[in-house]
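# Fold and contact review
Listed here are the chains, written in short residue letters.
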Amino acid sequence: MGYVAVHGGGKAIEESLKLLEYERVSTSSPWSTDEIEGAFPELVDQVMGEASLYAPRLAALALKQAQGSPDEAVFLLRAFRSTLERPYVSRPVDTGEMRVARRVSAAFKDVPGGQLLGATRDYSHRLLAFDLETEGPEELAEKRAELAAHFDEASAGAGASATLPRVLDYLRAQGLVPSVAPDDAEPVDATMVPLTFPAPRSVRLQTLARGMTQAVEALGYAAIRGFGPAHPTVGELRQGRVAVAVDHPLEPGGVDNAYYLGSLPVTEVESVFMSEGDGAEDGLSLAIGYGCVLGRAETKAIAMSVLDRCLELGDKRYPTEDEEFVLYHVDGVEATGFISHLKLPHYVTFQSKLSSVRGTRNADDGDQAADQAAAAALEAKEATDAAAL
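None of these values were measured; they are calculated from a predicted model. (Residues numbered from 1 in each chain as written. Predicted model: local features only at pLDDT ≥ 70, side-chain atom pairs only at ≥ 80, totals over all residues. Heavy atoms only, no water.)

## Examining unusual backbone geometry
- Phe-197 connects to Pro-198 through a cis peptide bond whose omega is 0°.
- Note that Pro-198 resides in the loop between α8 (169-173) and α9 (201-209).
- Residue Ser-52 is not a glycine yet carries a positive backbone phi of 60°.
- For Ser-52, the location among the structural elements is in the loop between α4 (41-51) and α5 (56-65).
- Overall, the relative accessible area of 26% leaves Ser-52 in the partly exposed class.
- Positive phi is not limited to glycine here, since Gln-67 has a value of about 55°.
- Take Gln-67: it is sitting in the loop between α5 and α6 (70-81).
- Taking relative accessible area as the criterion, Gln-67 reaches 41% and is therefore assigned partly exposed. (Helix = DSSP H or I, 4+ residues; strand = E, 2+ residues; numbered from the N terminus. Buried < 20%, exposed > 50% of the residue type's maximum accessible area, 1.4 Å probe, protein only.)

## Some remarks on the pattern of salt bridges
- If you walk through the whole model with that rule in mind, you get 23 salt bridges.
- Linking Lys-18 and Glu-15 is a salt bridge whose minimum nitrogen-to-oxygen distance equals 3.9 Å. Within this pair, Lys-18 and its partner Glu-15 are both found in helix α2 (residues 9-27), separated by three residues, close to a single helical turn.
- Relative accessible area serves as the criterion here: at 47%, Lys-18 is assigned to the partly exposed category.
- Looking at Glu-15, the relative accessible area reads 38%, which means it is partly exposed.
- Arg-238 is paired through a salt bridge with Glu-236; the nearest N and O atoms lie 2.9 Å apart.
- In this structure Arg-238 comes out as buried when scored by relative accessible area, which is 1%.
- The network of salt bridges with shared partners includes Arg-201, Arg-204, Asp-308, Glu-312 and Glu-323. (Salt bridge = Lys/Arg side-chain N within 4 Å of Asp/Glu carboxyl O.)

## Topic: a nonpolar patch on the surface
- Together, Ile-13, Leu-17 and Leu-20 make up a nonpolar patch on the protein surface, roughly 300 Å² of accessible area in all.
- When you line up the elements, Leu-20 lands in helix α2. (Patch = residues over 30% accessible without salt bridge, like charges linked within 9 Å, V, L, I, M, F, W, Y side chains within 5 Å. Areas by Shrake-Rupley, 256 points an atom, 1.4 Å probe, with all protein chains shown as cover.)

## Structural notes on helix α10 (residues 213-227)
- Thr-213, Ala-215, Val-216, Leu-219, Gly-220 and Ala-223 are the residues of α10 that are buried.
- Considering only its buried residues, α10 is in contact with α4, α9, α11 (298-313) and α12 (323-329). (Contact = heavy atoms within 4.5 Å.)

## Some remarks on the environment of Arg-91
- Turning to its location among the elements, Arg-91 is positioned in the loop between α6 and β1 (99-104).
- Considering only alpha carbons, one finds Arg-91 and Gly-254, 163 residues apart in sequence, at a separation of 9.6 Å.
- Residues in contact with Arg-91, not counting those within four places in the same chain, are Ala-245, Val-246, Asp-247, Gly-253, Gly-254, Val-255 and Ala-258.
- Polar side-chain contacts of Arg-91 include one of 2.9 Å to the side chain of Asp-247. (Polar contact = N/O pair within 3.5 Å; in protein donor to acceptor, adjacent residues only side chain to side chain.)

## What to know about the nonpolar core
- Residues Leu-208, Val-216, Met-304, Leu-307, Val-326, Leu-327 and Val-330 are the most contacted members of the largest nonpolar core, which totals 23 residues.
- When contributions to this core are tallied by element, the ones reaching two or more residues are α9, α10, β2 (233-246), α11 and α12.
- In terms of residue count, the dominant contributor to this core is α11 (five residues).
- Counting residues in hydrophobic clusters, the runner-up holds 15 residues, among them Val-44, Ala-59, Ala-66 and Ala-73. (Core = buried A, V, L, I, M, F, W, Y, C linked by side-chain atoms within 4.5 Å.)

## So, the packing of α10 against α11
- Closest axis-to-axis distance for the α10/α11 pair is 8 Å, and the angle between their directions is 55°. When the axes of α10 and α11 are compared, the pair comes out oblique. In terms of crossing hand, the pair formed by α10 and α11 is left-handed. Of the residues in α11, those touching α10 at Thr-213, Val-216, Glu-217, Leu-219, Gly-220, Ala-223 and Ile-224 are Thr-299, Lys-300, Ala-303, Met-304, Val-306, Leu-307 and Cys-310.
- Taken together, the residues of the contact of α10 with α11 break down into nine nonpolar, three polar and two charged. (Axes fitted to C-alpha atoms, helices over the stretch in contact; angles between N-to-C directions. Parallel < 35°, antiparallel > 145°, perpendicular 65-115°, else oblique. Left-handed = near helix turned anticlockwise from the far one by under 90°. Nonpolar A, V, L, I, M, F, W, Y, C, P; charged D, E, K, R; others polar.)

So this is what it looks like as structure tokens:
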């Protein structure tokens, strides 16, 4: 049976791939990568974040090739990433110097620098906009011009996006949040070494940041529902761009001598939890969970901060605090690959299972036949005895 599966399989696979390409070219518009990047920025962010590669054009290309499947697009982009050299390692990024485009706090109404809503659909009505179905180039250009004029007028006299102080520095200054000593240890690159346990925090944060968005959100939700620490409060969520710089390869110096490469869009979250036994005299204190992701995946960043706190606690009675359970099961490429392999031929292993079941059934049938024969013999003996009487 296995030989039949192999014989002629190459031709079948070739024809299957041709059919897949035929479906792509016959049912889709010839969108450019620029159009995909402009129309689906958050989807492009998700693919880049899970692939650990900031390359908007390539992420859009991967989505086009994958016909919109984020899982397949991430797989393609990670495969491409594995072929790239790594000539430099950047200096540590200071998110405190982020050029903020959006910044909110659920913990305080008034914060230094103010709440900055930015662009968000948090307060929108979730109603289908049917007019978008017939929106053409002219309508799009008209809306663009109208909104551009509005924001040009609204921002007249305002400066560029500014850096803002961290909200939780207010609590740190009061000693309500434990101070953490700076850790200059070289971080472990989770993309270059196998995942081992116990995992250092640098590996945990990397794995969560590049984890499947929906998986991280689902586990974070599970933790809040009772399978982990209590309900957190978002102390601060900030979204913006951070500068990336590298040292001179021959003459490393301070930040002033570094080479500026560009900026990356990131979302950072600090969530606040009630904690016990952290050294506070009254037995209660505040603890922080941290999340930082590429792009604008705000819900993922919040869920990541929840899971960061869960893994710091490490109580394996809760699945969301078991780092092996969490870190192994948030990787989208690993999960998709393993589950997808179930579609491949498993003839030999299934025949082994089938033989075991049949053997058990045959043994049971033999025992049942023996029991039936014994019962028939007993009935015949009883009938004979009755006739003799």
